[in-house]
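Secondary and tertiary structure notes
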Amino acid sequence: MPTPPSTASAQLILDGTSYELPIIVGSEGERSIDIRNLFNTTGYTVLDNGFKNSAACTSTITYVDGERGVLRYCGYAIEDLAEHCSFVEVAYLLLHNKLPNQQELDDFYSLLGEFALLHEDMIHFFDHFPAAAAPMSILSVMVNSLVNFYPEMSDNPRENLDTTACRLISKIRTIAAFSYKMSIGEPLVYPRHDLSYCGNFLNMMFDRPVRPYTVQPEMERALNKLLILHADHEQNCSTSAVRLVGSSGGDLYSSISAGINALAGPLHGGANEAVIRMLEAIHADNNDYMKYVNKAKDKNDPFRLSGFGHRIYRTYDPRGTIIRETCDEILRILDVQDPLLEIAKDLEEIVLNDEHFARRNLYPNVDFYSGIIYRALGIPTTMFTVMFALGRLPGWIAQWKEMHGDKEIKIYRPRQLYTGSPARAFVPMEERT
Ligand code: ACO
């Protein structure tokens with residue numbers, strides 16, 4: 001997608017010289033000052049720690065309005081997609097920028113079915129991880145290794161992308177479930193043709209030779225919704241990692257593997273696990289909320305309330321709203337009493353009514369309630385961020401694909417402002433103190 005034409009300009013005065021900088025307007029009226037030629041024309045760079053103000057690319061995939069709490073994939077409201085679509089349909093939407101018709105969806109499903117198995121040689125990889133290995137590091141290693149078993153992408157990345165996308169979307173689910181089964185010493189359960197994407201995952205996780213598992217439609221629906229809500233979120237940390245690796249010419253598998261590693265951090269996708277650990281700690285502390293709230297306010301304490309705050313949202317994260325409702329619903333349907341849900345709700349109320357957090361626009365984000373649903377589905381806490389990765393995968397692939405089709409894209413290579421020592425004379429070893 002070429003950059004939209006400039007409609008106005010900004011004036012920048014540097015050292016007495018005036019420069020005109022084009023202003024580019026996005027399709028939702030967002031305005032961006034085009035500084036692509038800034039260094040060449042002025043010799044200046046811009047300093048923007050954490051890229052708080054910098055648009056790294058143009059994109060047609062996801063729109064977020066952080067002030068109003070709006071999220072859309074390819075123009076469709078997240079609320080509608082979560083209510084009416086399957087995760088597979090949304091994956092197709094992100095990859096093709098259009099909702100599939102029935103035939104296209106059937107074809108997409110059959111590709112997913114075709115690629116669900118994992119090369120048997122790869123299954124031996126699992127034997128060599130320590131029992132307590134982090135599931136996200138296993139996932140990243142396994143995805144990175146796919147290129148050796150399925151190298152088609154290297155020959156013709158764009159032409160084979162659909163096949164590779166389905167292969168990845170299907171296999172990542174098998175890898176995730178297999179790694180869980182291996183970690184608890186149970187026999188692997190292979191994917192089945194007759195189950196849906198989410199049903200298959202639940203079955204691979206929980207079916208046992210001694211106790212066959214029946215996929216409950218409510219659980220399938222809840223998982224489907226969670227995966228849709230996580231499917232893309234424009235240029236977040238992990239997606240930027242995917243694009244960054246891809247921008248060097250790195251293949252899709254290694255780019256996604258980088259995204260998985262970025263997602264694992266507790267400030268990003270790892271927050272869903274951290275939330276549950278925090279709620280458990282509050283529970284163990286006799287619901288002493290204020291201890292944690294005060295720690296989070298203390299400038300000298302690095303502690304943060306996991307599941308609160310977001311770089312873009314200055315109001316309730318729309319995904320959080322849907323997840324909160326789903327959480328209430330699924331716990332009621334499954335008749336699960338989870339004390340962490342009440343603790344989460346109480347903590348939310350305290351935070352929303354506290355002036356310190358209000359001034360910083362801290363609201364629950366997508367990670368705050370998702371873990372409580374995963375617990376109700378029987379998914380262990382250590383697997384929560386893997387679940388996020390399963391959901392985010394179509395978005396990562398779509399962003400990677402978009403970048404490769406963008407003629408204006410350059411290798412990601414930020415500049416820096418050097419603040420180290422000025423040039424100094426080399427000191428031979430014998431003269432060093
Ligand atoms: N708890 C307490 N204080 C917080 C929190 C929090 N969760 N989040 C932000 N703040 C405070 C900061 O201390 C800072 O206060 P100050 O202005 O007095 O210094 C202010 O709010 C702004 O915080 P920044 O770190 O500048 O905001 P940024 O946009 O860089 O960070 C982030 C966003 C990383 C999500 C942050 O809110 C955070 O750490 N949240 C907790 C982790 C979390 O839930 N991550 C998941 C995010 S959603 C996702 O990635 C899928």
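Residues numbered from 1 in each chain as written. Predicted model: local features only at pLDDT ≥ 70, side-chain atom pairs only at ≥ 80, totals over all residues. Heavy atoms only, no water.

A look at the sheet that holds strand E5 (residues 70-73)
Strand order in this open sheet of three strands is E4-E5-E6, and the pairing throughout is antiparallel. The open sheet is flanked by strand E4 (62-65) and strand E6 (76-77), the only strands paired with a single partner. Summarising the sheet, E5 and E6 pair through two bridges and their orientation is antiparallel. From the neighbouring strand, Arg-72 faces E6, where its bridge partner is Ala-77. (Pairing = 2+ DSSP bridges. Helix = DSSP H or I, 4+ residues; strand = E, 2+ residues; numbered from the N terminus.)

Some words on the site of the ligand
Residues in close proximity to the ligand total 21 residues, the closest being Leu-267, His-268, Lys-299, Leu-305 and Gly-307. Separating an oxygen atom of the ligand from a side-chain N or O atom of Lys-52 is a distance of 3.2 Å. With the chains in place, 77% of the 920 Å² that the ligand exposes on its own is no longer accessible. The class makeup of the residues in the shell around the ligand is nine nonpolar, six polar and six charged. (Near = heavy atom within 4 Å. Polar contact = N/O pair within 3.5 Å; in protein donor to acceptor, adjacent residues only side chain to side chain. Areas by Shrake-Rupley, 256 points an atom, 1.4 Å probe, with all protein chains shown as cover. Nonpolar A, V, L, I, M, F, W, Y, C, P; charged D, E, K, R; others polar.)

What to know about the pattern of salt bridges
Taken as a whole and assessed by the stated rule, the structure comprises 19 salt bridges. Between Glu-408 and Arg-36 there is a salt bridge, with its nearest N and O atoms 3.2 Å apart. Of this pair, Glu-408 sits in the segment after helix H19 (384-405) while Arg-36 sits in the loop between strand E3 (31-33) and helix H1 (38-42); the two residues are 372 residues apart in sequence, bridging distant segments of the chain. Assessed through its relative accessible area of 52%, Arg-36 is described here as exposed. (Salt bridge = Lys/Arg side-chain N within 4 Å of Asp/Glu carboxyl O. Buried < 20%, exposed > 50% of the residue type's maximum accessible area, 1.4 Å probe, protein only.)

Considerations on helix H13 (residues 271-284)
Think of an α-helix as turning once every 3.6 residues; residues three or four places apart then point the same way. With 14 residues, H13 extends 19 Å between its outermost C-alpha atoms, agreeing within 8% with the 20 Å of an ideal straight helix rising 1.5 Å per residue. Where H13 is buried, its residues contact helix H14 (289-297), helix H16 (339-352), helix H18 (367-377) and H19. Two residues or fewer past H13, Asn-286 is found with a positive phi of approximately 55°. (Expected span 1.5 Å × (residues − 1). Contact = heavy atoms within 4.5 Å.)

Let's talk about the sheet that holds strand E1 (residues 6-14)
Across the sheet, three strands lie side by side as E1-E2-E3; this open sheet has antiparallel pairing. At either end of the open sheet lies a strand with only one pairing partner, and these are E1 and E3. In this sheet, neighbouring strand axes are inclined to one another by 30° on average, regardless of whether the strands run parallel or antiparallel. Here E1 pairs with strand E2 (residues 17-25) via eight bridges, running antiparallel. (Axes fitted to C-alpha atoms, helices over the stretch in contact; angles between N-to-C directions.)

What about the packing of H18 against H19?
Contact pair H18 / H19: the axes reach a minimum separation of 10 Å and the direction vectors enclose 105°. In terms of orientation, H18 and H19 fall into the roughly perpendicular class. Together, Asp-367, Gly-371, Tyr-374 and Arg-375 of H18 and Phe-384, Met-387 and Phe-388 of H19 make up the contact between the two elements. A breakdown of the residues in the contact of H18 with H19 according to their chemical character gives four nonpolar, one polar and two charged. (Parallel < 35°, antiparallel > 145°, perpendicular 65-115°, else oblique.)

Description of a positive patch on the surface
A cluster of basic residues, Lys-52, Lys-299, Arg-304, Arg-311 and Arg-360, forms a positive patch on the protein surface. With respect to the helices, strands and loops of the structure, Arg-360 is situated in the loop between helix H17 (355-359) and H18. (Patch = residues over 30% accessible without salt bridge, like charges linked within 9 Å, V, L, I, M, F, W, Y side chains within 5 Å. Lys, Arg positive; Asp, Glu negative; His and termini not counted. Charge placed at Lys NZ, Arg CZ, Asp CG, Glu CD.)

Notes on the state of the cysteines
In the structure shown here, the tally under the stated rule is zero disulfides. Unpaired in this structure, Cys-57 has its nearest cysteine sulfur neighbour in Cys-74, at a distance of 14 Å. Judged by its relative accessible area of 19%, Cys-57 is buried. With no disulfide of its own, Cys-327 lies closest to Cys-198 among cysteine sulfurs, the gap being 17 Å. On the basis of relative accessibility, which here comes to 0%, the residue Cys-327 falls in the buried class. (Disulfide = S-S within 2.5 Å.)

Some remarks on the layout of surface pockets
Computed from the structure, the second largest pocket encloses a volume of approximately 360 Å³. Forming the boundary of the second largest pocket are 22 residues, of which Glu-220, Arg-221, Ala-222, Asn-224 and Lys-225 lie nearest the centre. Among the secondary structure elements, those contributing two or more residues to the lining of the second largest pocket are helix H2 (78-84), helix H3 (87-96), helix H9 (197-206), helix H10 (217-229) and helix H15 (318-333). Counting residues per element, the lining of the second largest pocket draws most heavily on H10, at seven residues. Grouping the constituent residues of the lining of the second largest pocket by class yields 11 nonpolar, five polar and six charged. (1 Å grid on protein atoms, 1.4 Å probe; cavity = no way out; pocket = protein on both sides within 12 Å on 5 of 7 lines; lining within 4 Å. Points joined across faces, edges and corners; volume = space filled by probe spheres on them.)

Topic: helix H6 (residues 135-149)
Under the 1.5 Å per step criterion, the end-to-end length of H6 is 21 Å for 15 residues, consistent within 8% with the ideal 21 Å. Of all the positions in H6, only Pro-135, Met-136, Ile-138, Leu-139, Ser-140, Met-142, Val-143, Ser-145, Leu-146 and Val-147 are classed as buried.

Some points on the packing of aromatic side chains
Here the structure, examined in full by the defined rule, presents 11 aromatic pairs. Note on Phe-125 and Phe-149: the rings are 6.0 Å apart at their centroids and 65° apart in plane angle, and the pair reads as edge-to-face. Of this pair, Phe-125 sits in the loop between helix H5 (120-123) and H6 while Phe-149 sits in helix H6; the two residues are 24 residues apart in sequence, bridging distant segments of the chain. Here Phe-125 falls in the partly exposed class, since its relative accessible area comes to 27%. Residue classification places Phe-149 among the partly exposed positions, given a relative accessible area of 24%. Grouped by ring-pair contacts, the aromatic residues Tyr-180, Phe-206 and Tyr-213 constitute a single cluster. (Phe/Tyr/Trp six-rings, centres within 6.5 Å; stacked < 30°, edge-to-face > 60°.)

Structural notes on the domain arrangement of the protein chain
Along its sequence, the protein chain is organised into domain 1 (8-55) and domain 2 (78-411). For domain 1 versus domain 2, the distance between C-alpha centres works out to 35 Å. (Domains from an automatic or database assignment.)

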